[in-house]
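Spelled out, the chains give:
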Amino acid sequence: MIGNDIVDLRKAALESNWQRKGYLTKICTFNEQQLILEAPSPVVMLWLIWTMKEAACKIVQRKTGIRSYVPLSFNCETVQTDSSAAFGKINYLGEVFQIRSEIKKTFIHSIAVSAPEDFEHLQLHYLPRSAAYKEEFNNLSKFYLLAGTPSGLPELTHQLTGQKHAVSISHHGDYLAVVYSDSLLLTD
Amino acid sequence: MDREVLIAAIKEIAAPYTEDKTALDTINEDTDFIKDLKINSANLVDIVLDLEEKFGIEIDNDSMAKMLDVKSTVEVIEAKLAAHDRK
């Protein structure tokens, strides 16, 4: 399975006051708080770690079908960054997820998978945020058809094989990301 | 405290974090903060902090875990207020 999460940094700056009393301690472990406060740009590190946690959370929710708001249970074990990318690991109750992230001036985007080799056949498309993003994706895609299930989950079908592929969609502010795998199926 | 009063308080607190004013106007126990009010998950913690301040309660992580919809949030506040009264 795949999970992904995107944060529009301009919107986040308007919506969230992360320096508010109690904010960091409710969503970040002690180690994560230290990483954030010691980073050259604390706000970038915060949203990087947040998108890592959320990306892993989406896999867990999809697997279990259970939603709960437990950011402290998604523990960022390692994160290595340069100015434009990052990779790390999120541990959820002993289960480890591999994370890759892109750090842009205007947004941060993270992808979570279960095993490092799952990254190999991943496709990532950034689309303009609009109500018609599925049509937009389908116009661009040669083989895949993106649709939604009645319960609101995305569903990606390869039109030649009829197989359903692993897919994850995230959006925030001006940005929308579709991540899918050419090899992983929905049931993987 | 009356449930209607609690829901009204939750509505007021959630208002700055939702762009879906129509969904906010029809808020009820079944309203989901993320699915219905389209509140960003990074702002759910603001709602938790605002509720702590408004009601003078402390919301632990296990309680926060459930606070994705109005019904569970009402139940958490009621339980915390009751625990507070017993002290």
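Everything quoted here is computed from the prediction, not taken from an experiment.

Student: Requested: an account of the environment of Gln-163 of chain A, with residues and values cited.
Tutor: All names here are of chain A. Looking at the secondary structure, you find Gln-163 in the loop between strand S8 (154–158) and strand S9 (164–172). Spatially, the C-alpha atoms of Gln-163 and Gly-152 are 19 Å apart, while their sequence positions differ by 11 residues. If we skip the residues at most four places from it in the chain, Gln-163 touches Leu-156, Thr-157, His-158 and Leu-185.

Student: Which residues make up the packing of aromatic side chains, and what values go with them?
Tutor: Residues and elements named next belong to chain A. What the rule picks out here adds up to five aromatic pairs over all chains. The interplanar angle of 15° and the centroid separation of 4.3 Å between the aromatic rings of Phe-74 and Tyr-92 together place this pair among those described as stacked. Of this pair, Phe-74 sits in strand S2 (residues 74–81) while Tyr-92 sits in strand S3 (residues 85–92), placing them 18 residues apart in sequence. Neither residue differs from the other here; Phe-74 and Tyr-92 are each classed as buried. Judged by centre distance (5.7 Å) and plane angle (85°), the ring pair of Phe-137 and Tyr-180 falls under edge-to-face. With a gap of 43 residues between them, Phe-137 in helix H5 (residues 133–140) and Tyr-180 in strand S10 (residues 175–185) connect regions that are remote in the sequence. Here Phe-137 and Tyr-180 have matching classes, each one buried. Here the aromatic cluster, defined as three or more aromatic residues joined through ring pairs, consists of Phe-107, Tyr-126 and Tyr-175. Over the aromatic face of Phe-119 sits the side chain of Arg-100, whose NZ or CZ is 4.2 Å from the ring centroid.

Student: So, helix H4 (residues 42–64) of chain A: which residues are in play, and what are the values?
Tutor: When the terminal C-alpha atoms of H4 of chain A are compared, their 33 Å separation across 23 residues agrees well with the 33 Å that a helix rising 1.5 Å per residue should span. One or two positions beyond H4 of chain A, positive phi appears at Gly-65 of chain A, with a value near 75°.

Student: How would you sum up the UniProt feature "domain: Carrier" (unreviewed entry) in chain B? Please name residues and give values.
Tutor: What UniProt calls "domain: Carrier" (unreviewed entry) maps, in this numbering, to residues 1–81 of chain B. In residues 1–81 of chain B, the share of helix is 62% and the share of strand is 0%. The end C-alpha atoms are 9 Å apart.

Student: Which residues make up helix H5 (residues 70–86) of chain B, and what values do they have?
Tutor: All names here are of chain B. Its 17 residues give H5 an end-to-end C-alpha distance of 24 Å, which sits within 8% of 24 Å, the value for a rise of 1.5 Å per residue. Those residues of H5 that sit buried are Val-70, Ser-72, Thr-73, Val-74, Val-76, Ile-77 and Leu-81. Where H5 starts, the residue carrying a side-chain oxygen 3.2 Å from the main-chain nitrogen of Lys-71 turns out to be Asp-69.

Student: An account of the pattern of salt bridges is needed here, citing residue identities and associated values.
Tutor: Inspection of the entire model under this criterion finds 17 salt bridges over all chains. The closest approach of N and O atoms between Glu-95 of chain A and Lys-63 of chain A, which form a salt bridge, is 2.8 Å. In this pair, Glu-95 of chain A is assigned in strand S4 (residues 95–103) and Lys-63 of chain A in helix H4, connecting sequence segments 32 residues apart. Note on Lys-63 of chain A: relative accessible area 45%, which makes it partly exposed. Close ionic contact of Arg-67 of chain A with Asp-32 of chain B constitutes a salt bridge, the shortest N to O distance being 2.7 Å. Of this pair, Arg-67 of chain A sits in the loop between H4 and S2 while Asp-32 of chain B sits in the loop between helix H2 (21–25) and helix H3 (41–55), each in a different chain. Residue class for Arg-67 of chain A comes out partly exposed when judged on its relative accessible area of 29%.

Student: Quick rundown of the pairing of S4 of chain A? Include the residues and the values.
Tutor: Residue and element names in this part refer to chain A. Direction of pairing for S3 relative to S4: antiparallel, over a ladder of eight bridges. Of the residues in S4, the one forming a bridge with Ile-90 is Phe-97. In this antiparallel pair of consecutive strands, S3 and S4, the connection spans two residues, and Leu-93 shows a positive phi of 50°. Relative to strand S5 (residues 107–113), S4 is paired through six bridges, and the arrangement is antiparallel. Following the sheet pairing, Glu-102 is matched in S5 by His-109.

Student: An account of the layout of surface pockets is needed here, citing residue identities and associated values.
Tutor: The calculated volume of the largest pocket comes to roughly 1,700 Å³. As for the largest pocket, its lining consists of 46 residues, of which Lys-58, Ile-169 and His-171 of chain A together with Ile-34 and Lys-35 of chain B are closest to the centre. Mapped by element, the contributors of at least two residues to the lining of the largest pocket are strand S1 (3–8), helix H1 (9–15), H4, H5 and S9 of chain A. Per element, the largest residue contribution to the lining of the largest pocket is seven residues, and it comes from H4 of chain A. Of the residues contributing to the lining of the largest pocket, the split by class is 19 nonpolar, 13 polar and 14 charged.

Parameters at a glance
Residues numbered from 1 in each chain as written. Chains lettered and ligands numbered in written order. Predicted model: local features only at pLDDT ≥ 70, side-chain atom pairs only at ≥ 80, totals over all residues. Heavy atoms only, no water. Helix = DSSP H or I, 4+ residues; strand = E, 2+ residues; numbered from the N terminus. Contact = heavy atoms within 4.5 Å. Phe/Tyr/Trp six-rings, centres within 6.5 Å; stacked < 30°, edge-to-face > 60°. Buried < 20%, exposed > 50% of the residue type's maximum accessible area, 1.4 Å probe, protein only. Lys NZ or Arg CZ within 6 Å of the ring centre and 35° of its normal. Expected span 1.5 Å × (residues − 1). UniProt positions renumbered as here; feature names shortened; annotations may be inferred. Polar contact = N/O pair within 3.5 Å; in protein donor to acceptor, adjacent residues only side chain to side chain. Salt bridge = Lys/Arg side-chain N within 4 Å of Asp/Glu carboxyl O. Pairing = 2+ DSSP bridges. 1 Å grid on protein atoms, 1.4 Å probe; cavity = no way out; pocket = protein on both sides within 12 Å on 5 of 7 lines; lining within 4 Å. Points joined across faces, edges and corners; volume = space filled by probe spheres on them. Nonpolar A, V, L, I, M, F, W, Y, C, P; charged D, E, K, R; others polar.

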